[in-house]
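Next come the chains, spelled out residue by residue.
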Amino acid sequence: MSDSNPKKNINKPIDLEKLFYDQDIDMQGVLKNRESSRKKITSYSLETYQGEFGYDQKKHLINRSLLGRSNKDLLNLETLNLEQAIDEVFKQEEVPSEPVYDFYLLEGGSKESIIQWQIEKGVPNEYAKWVNEGDPFLNYNITLQPGKFRESMYAWILKQFANQSTSIHWKLCLFLYQLIPVHEGLVGGAKWYHEYFMKLFEYSYGNYKDLIYDVTTDFGMLKYLNLDYSKKENPDENYARELLELYTVGKEGGAKFSENDVKEISKLLTGWHCGSDSWEYFERQGLSQEEQSDGYFRDGPLFSWFDPQNHDTSDKQLSSYFNNNIIKGREGEDGKKELDDLIDILFDNEDTSRYISRRIYQFFVNPIIDSDIEEKIIKPLSEVFRNSNFNIAETTKVLLKSDHFFDPINYNSIIKSPLEFTLSIFKELHLKYVQNPTAYEPGGGGFQIHPALDNPITKDYFIYNHLNDQIRNTGFDIAFPPSVSGWKPFYQKPIYDMFWINTHTLKKRGEIDFLVGQFHIYLRGLGGGGNGTDVIQCDLYEYISSINDFKNIDSFIEGITKRFLNSSINQETFNLLKNSILNDKSENYWTFLIEDYERTSGKLEYDTLKNRIRSVLLKIFQLEEMHTY
């Protein structure tokens, strides 16, 4: 397996591995400490947890189930017992509405420019078209995919993550995506990217075995891992290798497929091609040239097709690792059935269930798996996976309600990804609910709102596209995984999630200040229209007033750290946070600041209070406890 993309990486991501190893770190000491902590596990049982299910347990469950959690999510579980909480967490999300044409305020996003873009790409004039403002665009032909539509798609995905209910659904979707990632820039098009992501959304609660069939024949995957270009005279081995190493049996824990298995499977997979952009497909239908153009430029979903003329019809002999199975070669359309036979063989192999169970455990519980975890947790969990008909959600549910999951050693044992770090702040500060981008008094008021943020069609595009910049700059670009294997913090031993943290990404995480009150939309193409019109910020008074006894400085510090941190802080840190507000003044200073603002509702008083709140928040965001969950 190559650790680079099969084609030139057109949007090179941050090299987390290089940045990590460039640091002066006592690696042996760090790894020894991590390994020794795993030896403190007290429960290796997948039986349902029977202990106390209070605030800490609910926070642990929510942390591992959502992509960034807020206090609101915890309140949704406040009165529930474990079974009820699990039912709530594993409710399926509604299928989201499609992305719409929402970036038209940007220069170059006019209807005329979109038509011209298509014509320049070779679309005949009679097929070129535009999308009306606020209308869905994904049903239109594949040529209607200029760059801004792709950015709109990325913003749409982040919006789904940020607006998830108290449901694990989108995190399951992300689990599948990091397991079977695709590089959007190498495949191309918001239309395909949306279809692929929604496929993972659907299969989050479905049969993983069926997903592998659909992924293998997916329009984008056929391009990404070269099956679209594979010829029976010279089969491409790229997808066959990744199918074994990354998606099914894996390469650890006993998996011992051979190089000949890769060659035989690559022959079996010849014949599968992308249909939606294939003139050959429409020509094979016996269509006239005009009818071929109608097919090629038509609207509708993308599709793949099987070409019997490019399929190797010989028998495929697998190794003893696969019980010496022979997959009978077939001719004509029956050649497609060889893929069914292969997938049956892959899922009959116990290593597939072991490998997927291992990846579920690493994603939701802890990346480090020792021999005890392998034997006492992974092995029985793999039986759950098989017995549930390879259902990802049902397997994860058994794990997340288990006695082992609630073992205290598993709390705060994973470093947050950039996505989870940023979204936890975004959600907790209620930024997705902000109606007035520049509020400085409770309930609204302030400066003029920028038209892009006042417009319900364009608002989400500019907010979430800018938010995506922050996440990308700290090491996670959802559309551009660094390799066919995905992101190394999810899978590469012995460092795993520690790859997320280095001097570069820590600095970028520290620049989260924009979420507290410096959200500069103009960085994504909009110019400011005056004082404050290019900023979206949290109404910080409204936020802190939701904390119990918030006018008391000690109660406030205790409350706000519980909101953001997943473990308690020592007295020294508590005093540091407290003094970041008081600045050596008396404790009454905090109370006076709040009451001055409540009395006046003035901007000067609000700004003074806001600056004190921002000061303590930024210190909280830099604490070690902020980066784990």
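Here the structure is a predicted model, which means the values were calculated and not measured.

Glancing now at the packing of aromatic side chains. A complete count under the given rule lists 47 aromatic pairs for this structure. With a centroid separation of 4.6 Å and 40 degrees between ring planes, the pair formed by Trp170 and Phe201 is classed as tilted. Taken as a pair, Trp170 in helix α8 (residues 169-179) and Phe201 in helix α10 (residues 190-203) lie far apart in primary sequence, 31 residues in all. In this structure, Trp170 and Phe201 share a single accessibility class: buried. Residues Phe490 and Trp500 carry aromatic rings whose centres are separated by 5.5 Å and whose planes lie at 75 degrees to one another, so their mutual orientation is edge-to-face. Of this pair, Phe490 sits in the loop between α23 (459-473) and α24 (503-510) while Trp500 is found in the loop between α23 and α24, placing the two residues ten residues apart along the sequence. Sitting over the face of the ring of Tyr55, Lys562 holds its NZ or CZ atom 4.4 Å from the ring centroid. The ring of Tyr589 is capped by Lys585, whose NZ or CZ atom sits 4.9 Å from the centre of that ring.

What follows concerns the side chain of Lys59. Within the secondary structure, Lys59 is located in helix α3 (residues 55-65). Non-local contacts of Lys59, meaning those with residues more than four positions away in its chain, are made with Arg69, Leu74, Lys562, Leu565 and Asn566.

Among the nonpolar cores identified, the biggest contains 140 residues, and Phe161, Tyr208 and Tyr247 are the most heavily contacted of them. Those residues in contact with Phe161 that lie beyond four places of it in its chain are Leu67, Trp170, Leu174, Phe197, Leu419, Leu423, Lys427 and Ile478.

The share of residues in the chain with pLDDT of 70 or more is 89%, and the mean pLDDT across the chain is 87. Throughout residues 519-526 the model reports pLDDT below 50, and contacts reaching past four residues in sequence, or to other chains, amount to 31 contacts. Confidence drops under pLDDT 50 across residues 528-534; counting only partners more than four residues distant or on other chains, this segment forms 13 contacts.

Here we take up the packing of α8 against helix α20 (residues 392-400). Contact pair α8 / α20: the axes reach a minimum separation of 11 Å and the direction vectors enclose 110 degrees. Classified by the interaxial angle, the pair formed by α8 and α20 is roughly perpendicular. For the element pair α8 and α20, the recorded crossing hand is right-handed. Here Leu172, Phe175 and Leu176 of α8 come into contact with α20, specifically with Ile392, Ala393 and Thr396. Of the residues belonging to the contact of α8 with α20, the class tally is five nonpolar, one polar and no charged.

Calculation rules
Residues numbered from 1 in each chain as written. Predicted model: local features only at pLDDT ≥ 70, side-chain atom pairs only at ≥ 80, totals over all residues. Heavy atoms only, no water. Phe/Tyr/Trp six-rings, centres within 6.5 Å; stacked < 30°, edge-to-face > 60°. Helix = DSSP H or I, 4+ residues; strand = E, 2+ residues; numbered from the N terminus. Buried < 20%, exposed > 50% of the residue type's maximum accessible area, 1.4 Å probe, protein only. Lys NZ or Arg CZ within 6 Å of the ring centre and 35° of its normal. Contact = heavy atoms within 4.5 Å. Core = buried A, V, L, I, M, F, W, Y, C linked by side-chain atoms within 4.5 Å. pLDDT = per-residue confidence, 0-100. Axes fitted to C-alpha atoms, helices over the stretch in contact; angles between N-to-C directions. Parallel < 35°, antiparallel > 145°, perpendicular 65-115°, else oblique. Left-handed = near helix turned anticlockwise from the far one by under 90°. Nonpolar A, V, L, I, M, F, W, Y, C, P; charged D, E, K, R; others polar.

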